[in-house]
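# Observations on the three-dimensional arrangement
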Amino acid sequence: MTFLPSSLRQPSALPGFGLALGFTLAALSLIVLLPLAALVLRAASIGPADFFKIASDPRTLAALRLSFGTALIAALINTVFGLLIAWVLVRYRFPGRRIIDAAVDLPFALPTAVAGISMAAIYAPNGPIGSIAKNFGLKIAYTPLGIVLALVFIGLPFVVRTVQPVLEEVESDIEEASALLGASRLRTVFQVVLPHVYPALLTGFALAFARGVGEYGSVIFIAGNIPLVSEIAPLLIVIKLEEFDYGGATVIATLMLAISFAMLFLINAIQGWSRTKYGNV
Amino acid sequence: MAMSDRFLPLAHTPERATSETALTKAVLIGIAGLFLVAILFFPLVTVFIEALRKGWGTLFENFSDPDTLAAIRLTLLVAAIAVPFNAVVGLAASWAIAKFEFKGKNLLLTLIDLPFAISPVISGLVFVLLFGAQGWLGPWLVAHNVQIIFAVPGIVLATVLVTFPFVARELIPLMQSQGTSEEEAALMLGASGWYTFFKVTLPNVKWALLYGVLLCNARAMGEFGAVSVVSGHIRGLTNTMPLHIEILYNEYNFVGAFAVASLLAGLALFTLLAKSLLEWRFAGELAASSRRN
Amino acid sequence: MSVPVRVRNLEKNFGRYPALKGVSLDVEAGELVALLGPSGSGKTTLLRAIAGLEQPDAGQVLFGDIDANTLSLRERRIGFVFQQYALFKHMKVFDNIAFGLRARPRVSRPSEVVIKAKVMELLHLVQLDGLEARYPAQLSGGQRQRVALARALAIEPRVLLLDEPFGALDARVRKDLRKWLRELHQRTGHTTLFVTHDQDEAFELADRIAILDHGRIEQVGTAAEILERPATPFIDSFIEGIARREAQAREWAKPHVVVSR
């Protein structure tokens, strides 16, 4: 069954190409591309002047700063601890290792709203951890700190799961060679073993960051949601929509998307570069 | 340095020539463990503790509240539509991509992955821009008395968008690695395309399909941001379970909110369990176990 | 039942790479012909083109009087044994062999009773009695090979095509299976083509051998014909090993004096 001209596709003995591809493209267009087109068109219909006005509104800027800032910090924290957790899971054997390994996927499986109210309860001034923090004069819930903690929860599996397979594939003979050459354990780990993992670590960081920027459900319960102070960008989009300010919502969404795609591009570039350098990721 | 490894009572694997001291290992495991308990374990346990704060009786009362039941029904309905649809799309996409050579494959793969890169709120926003009252097709819809936004169809669409890539991402790498020879053999033996698909291809990917469906379902039932935007938050009508949790929480009915949350948390635990089981037993038949994301 | 196969000026390009450059071959009904050549010579491409798994860019394939182009893959009734066997790993041996029979459209599908009888008969033919409930993963390489063959024979093919049938097996098993395939062919009489890069195999098994190089057939003939009159210097050096081994075999077959204490 020829659906595309032969210059675009290799003829094959298997049937069903046209049907399968056609259906896929139809679903893709209807569910993904058409709605996105609506966004792009809407963004384009707002003239550059208006676009800039909305984009540079203090409230918008504050929201974007908050979203990107907290996502960045959370991603950095996850990079450090995610690497540690991956290391411990891959290289050590201890009771409960399998369970912990499975548990790392919890943020993937747990609905964001559930995580949100749960963390709000824990870090609220009268919650288990929040009350301890209060004694130290530290307020967690309803502040950016709370947002960071929520984003750490969300982003953790991205780092761990991206680093784990790479760490598993590191050959033991290079470590042995390093030790035989007289290197201390610390040096071996940081100069011989970890460099293999850095590209994956970077990818994990980028994924956690991208996810954190767009996160909504797990954040709005623990954030204060006070404009200019603790209001995240996705929330601002929702508020604009409730006010029927479609234009405003579109502008913020477009800015967020532009940065998300830049991240995707960056991830692919990193993976491509590391593949040429190291052979696989 | 190697000597003190012998003091580590937990190692089952042979000693490595190069390894950290037992103390270092213990400390690292300790830090990792503490971190995980604080960040992962605590929130999970809190859900159940708070749900039971007023006892089992109240918990079951909360479950049988009519608005809660409506929310549960809606969540199940949305998942029952979104998951099979995305499963079929996933199968179609992986058939086309894995069994044939054509230009533009990479572009198609990127497009399929697109929903993963978009914030859930934006996934809802795009449908409002398309079908909302002031949206692209808004006037046409109003004229024909069709309600998509602030009604169930909108919720279904937003959920489908958000969970679009899940099944495809599990199937494609696996089917690519399986190649086409079994299908070719089946065709040579006289089977039709559909017969080959159902009797040869599908059995070869059944565990990966189940895995993808599990993940897709967990996300479909738990989706909040996208659905929040397109729903009208109308109690008893357009509230899924996550939205209902939000409403209860905002009314300071914490126990009620956590009660509903505990149901979803239970689903999450089930998903994790099933997922781990599949990974553990069928690692060779899930491309997922070598590429986690 | 068994038909002659005629290939006329077959051409096949993969992108800009010419895999087959105008290949012609006549195979008589019931003949066992080897397609011999180094890797890259186009022998597998030729086999797959005859099977219909590759679409030729030019030329014709005829099964008896029927132009293969008029037949879909299903209709060709070709028994194809893949290099890696391509057994359905999720089906038992029985179901693998029965597959072609069960896949027939309702009108021509035999009953399960008939199918069972046929499958057991084939299992007996390939000497795998008792293994019908096993899965491919539980079989040795040689056993899988024979299941693949039984599966192909089940549909009563016009032509039997084998792609490097013994390539994945170790030397000892190869020798045994070679003899066994020869006997099987004599019993069933299918027109058979098989691809190999192993000269000894081709010369030992086949009625006639077609030697390919760089997408062309350099010579077709019986073993004796080729050994006596190689058509090109390439063939001459290609069969060098065989001539030497034959000479050695003749040498060792002479009576020896064995001295023992």
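Numbering of residues starts from 1 in each chain and follows the order in which that chain's sequence is written. The order in which chains are written sets their letters, starting at A; the order in which ligands are written sets their numbers, starting at 1. Residues qualify for local features only when their pLDDT is at least 70, as the model is predicted, and side-chain atom pairs are given and counted only at 80 or more; totals for whole chains, interfaces and linings, by contrast, use all residues.

What follows covers the overall build of chain C. Of regular secondary structure, chain C possesses nine helices and ten strands. Taking 18 Å as the expected radius of gyration for a compact globule of 261 residues, we find that chain C reaches 20 Å, a close match to that expectation. Summarising its shape, the C-alpha atoms of chain C cover approximately 60 × 60 × 30 Å along the three principal directions. To assign burial, the other C-beta atoms lying within 10 Å of each residue's own C-beta are counted, with C-beta atoms placed from the backbone; 20 or more indicates buried, 12 or fewer indicates exposed, and intermediate counts indicate partly exposed. For chain C, the residues scored as buried account for 42% of the 261 residues in total. A pair of residues counts as a contact when their C-beta atoms, built from backbone coordinates, are separated by no more than 7 Å. Of the contacts formed within chain C by residues at least 6 apart in sequence, a portion of 69% connects residues at least 24 apart. A helix here means a DSSP run of H or I that spans at least four residues, while a strand means a run of E at least two residues long, and both kinds are numbered starting from the N terminus. We take the radius of gyration over the C-alpha atoms and set the globule estimate at 2.2 Å times the residue count to the 0.38 power.

Next up on the list: the overall build of chain B. Scanning chain B from N- to C-terminus turns up 13 helices and zero strands. For 293 residues, the compact-globule estimate of 2.2 N^0.38 gives 19 Å, and the C-alpha radius of gyration of chain B, at 24 Å, exceeds that figure by more than 25%. In terms of principal-axis extent, the alpha carbons of chain B reach across some 80 × 65 × 30 Å. Sorting the 293 residues of chain B into buried and exposed places 51% on the buried side.

What follows deals with the interface of chain B and chain C. A common way to state how big an interface is: give the accessible area lost once the parts meet. Listed as interface residues are 15 residues of chain B and, on the opposing side, 17 residues of chain C. Taken together, the elements giving at least two residues each to the side of chain B that touches chain C come down to α9 (181–188) and α10 (193–222) of chain B. Per-element accounting of the side of chain B that touches chain C gives the leading share, seven residues, to α9 of chain B. Residues are grouped as follows: Ala, Val, Leu, Ile, Met, Phe, Trp, Tyr, Cys and Pro are nonpolar; Asp, Glu, Lys and Arg are charged; every other residue, Gly included, is polar. Grouping the constituent residues of the side of chain B that touches chain C by class yields nine nonpolar, four polar and two charged.

What follows covers the interface of chain B and chain A. Contact residues are listed per partner, giving 84 residues for chain B and 82 residues for chain A. A total of 15 residues in the side of chain B that touches chain A trace back to one element, the largest contributor, which is helix α1 (residues 22–51) of chain B. Its residues assigned to classes, the side of chain B that touches chain A comprises 55 nonpolar, 16 polar and 13 charged.

The subject of this paragraph is the sheet that holds strand β10 (residues 216–221) of chain C. All names here are of chain C. Ordered by their spatial adjacency, six strands build an open sheet running β6-β7-β8-β3-β9-β10, and the pairing between neighbours is mixed. The two strands at the open ends of the sheet, each matched to only one other strand, are β6 (78–81) and β10. With strand direction ignored, the average angle separating the axes of adjacent strands in the sheet is 15°. If DSSP finds at least two bridges between two strands, the strands pair. Axis lines are fitted to C-alpha atoms, over the contacting stretch for helices. Their N-to-C directions set the angle, which ranges from 0 to 180 degrees.

Before going further, it helps to examine the pairing of β10 of chain C. Where strand β9 (residues 208–213) of chain C and β10 of chain C come together, five bridges link them in antiparallel fashion. Bridged to isoleucine 211 of chain C within β10 of chain C is glutamine 219 of chain C.

Quick look at unusual backbone geometry now. Its identity as a non-glycine residue notwithstanding, phenylalanine 150 of chain B has a phi of 65°, on the positive side. Within the element layout of this structure, phenylalanine 150 of chain B appears in the loop between α6 (138–143) and α7 (152–163). Although it is not a glycine, glutamate 156 of chain C sits at a positive phi angle of roughly 50°. Along the polypeptide, glutamate 156 of chain C turns up in the loop between α4 (141–154) and β7 (159–163).

Attention shifts here to the environment of lysine 99 of chain B. Note on placement: lysine 99 of chain B falls in helix α3 (residues 66–99). Expressed as a C-alpha distance, the spacing of lysine 99 of chain B and serine 181 of chain B, which sit 82 residues apart in the sequence, is 9.7 Å. What lysine 99 of chain B contacts, discounting residues up to four positions off in sequence, is Leu14 of chain A together with Thr180 and Glu183 of chain B.

Let us now look at the domain arrangement of chain B. Residue and element names in this part refer to chain B. Segmenting chain B into domains produces domain 1 (1–51) and domain 2 (59–290). With five residues of domain 1 at the interface, the matching set in domain 2 holds eight residues. Residues of the side of domain 1 that touches domain 2, tallied by class, amount to four nonpolar, no polar and one charged. For the domain bounds, the source is a domain assignment made automatically or taken from a database.

To continue, consider the confidence of the model for chain B. All names here are of chain B. Looking at chain B as a whole, its pLDDT mean stands at 87, while 91% of the residues score no less than 70. A low-confidence stretch, residues 1–15 (pLDDT under 50), is modelled with 15 contacts involving residues beyond four sequence positions or located in other chains. Segment residues 288–293: pLDDT under 50, and 13 contacts once partners within four positions in sequence are set aside and those in other chains are kept. In predicted models, pLDDT denotes the confidence assigned by the predictor to each residue on a 0 to 100 scale.

Time to look at the nonpolar core. The nonpolar side chains of a soluble globular protein tend to be buried, and buried together. When buried Ala, Val, Leu, Ile, Met, Phe, Trp, Tyr and Cys residues are joined through C-beta atoms within 7 Å, the set is termed a nonpolar core. Ile117 of chain A together with Leu125 and Ala261 of chain B are the most contacted members of the largest nonpolar core, which totals 253 residues. Counting contributing residues per domain, this core is built from domain 1 (1–51) and domain 2 (59–290) of chain B, each supplying no fewer than three. Each residue touching alanine 261 of chain B, except ones within four places of it in the same chain, is listed here: Val114 and Ile117 of chain A together with Val47, Ala51 and Ile245 of chain B.

The subject of this paragraph is the environment of aspartate 170 of chain C. Looking at the secondary structure, you find aspartate 170 of chain C in the loop between β7 and α5 (171–188). Along the sequence, aspartate 170 of chain C and glutamate 31 of chain C sit 139 residues apart, while their C-alpha atoms lie 27 Å from each other.

On to the sheet that holds strand β4 (residues 58–63) of chain C. Residue and element names in this part refer to chain C. The strand order across the open sheet built from four strands is β2-β1-β4-β5, with neighbouring strands paired in antiparallel fashion. Strands with a single pairing partner mark the edges of an open sheet, and in this sheet they are β2 (17–27) and β5 (66–67). Pairing between strand β1 (residues 5–14) and β4: five bridges, direction antiparallel. Within the sheet, the bridge partner assigned to arginine 6 lies in β4 and is leucine 62. Helix α1 (residues 43–51) contacts β1, β2 and β4 of the sheet and is inclined by roughly 115° relative to β1.

Once that is clear, we can look at the environment of alanine 71 of chain A. Residue and element names in this part refer to chain A. Of note, alanine 71 is situated in helix α3 (residues 58–91). Its 26 C-beta neighbours within 10 Å are what place alanine 71 among the buried residues. Excluding residues within four positions of it along the chain, alanine 71 makes contact with Leu151, Phe209, Gly212 and Val213.

Right, let's talk about α4 of chain C for a bit. Residue and element names in this part refer to chain C. Given a rise of 1.5 Å per residue, 14 residues ought to cover 20 Å, and the 20 Å separating the end C-alpha atoms of α4 matches this to within 8%. In terms of burial, α4 is a largely internal element, eleven of the 14 residues being buried. Within the sequence span of α4, burial applies to Arg144, Gln145, Arg146, Val147, Ala148, Leu149, Ala150, Arg151, Ala152, Leu153 and Ala154. Here the buried face of α4 lies against β6, α2 (93–102), α3 (112–125), β7 and α5. One or two residues past the end of α4 sits glutamate 156, with phi positive at roughly 50°. Expected helix span is computed as 1.5 Å times (number of residues minus one).

Residues and elements named next belong to chain C. Relative to β9, strand β3 (residues 32–36) runs parallel, the two being bridged by four bridges. Across the sheet, residue leucine 35 finds its bridge partner in β9, namely alanine 210. Between β9 and β10, which follow one another and run antiparallel, lie two residues, and histidine 214 among them has a positive phi close to 50°.

When pLDDT is low, close inspection of the predicted coordinates is not appropriate. All names here are of chain C. Per-residue confidence for chain C gives a mean pLDDT of 88, with 95% of residues at or over 70. The weakest mean pLDDT in chain C belongs to helix α9 (residues 240–253) at 71; the strongest belongs to β3 at 95. Quick note on the complex model: pTM equals 0.83, ipTM equals 0.86.

Another point: the packing of helix α6 (residues 112–123) of chain A against helix α8 (residues 144–168) of chain A. Residues and elements named next belong to chain A. Taken N-terminus to C-terminus, the directions of α6 and α8 make an angle of 135°; their axes are 11 Å apart at the nearest point. Put simply, α6 runs oblique to α8. Seen from above, α6 lies across α8 with right-handed handedness. Where α6 approaches α8, its residues Ala115, Gly116, Met119 and Tyr123 are matched on the opposing element by Gly146, Leu149, Ala150 and Phe153. When the residues that make up the contact of α6 with α8 are grouped by side-chain class, the tally is six nonpolar, two polar and no charged. Throughout, the term roughly parallel applies to angles under 35 degrees, roughly antiparallel to angles over 145, roughly perpendicular to angles from 65 to 115, and oblique to all others. It is the rotation of the near helix from the far one that decides the hand of a crossing: anticlockwise by less than a right angle makes it left-handed, clockwise makes it right-handed.

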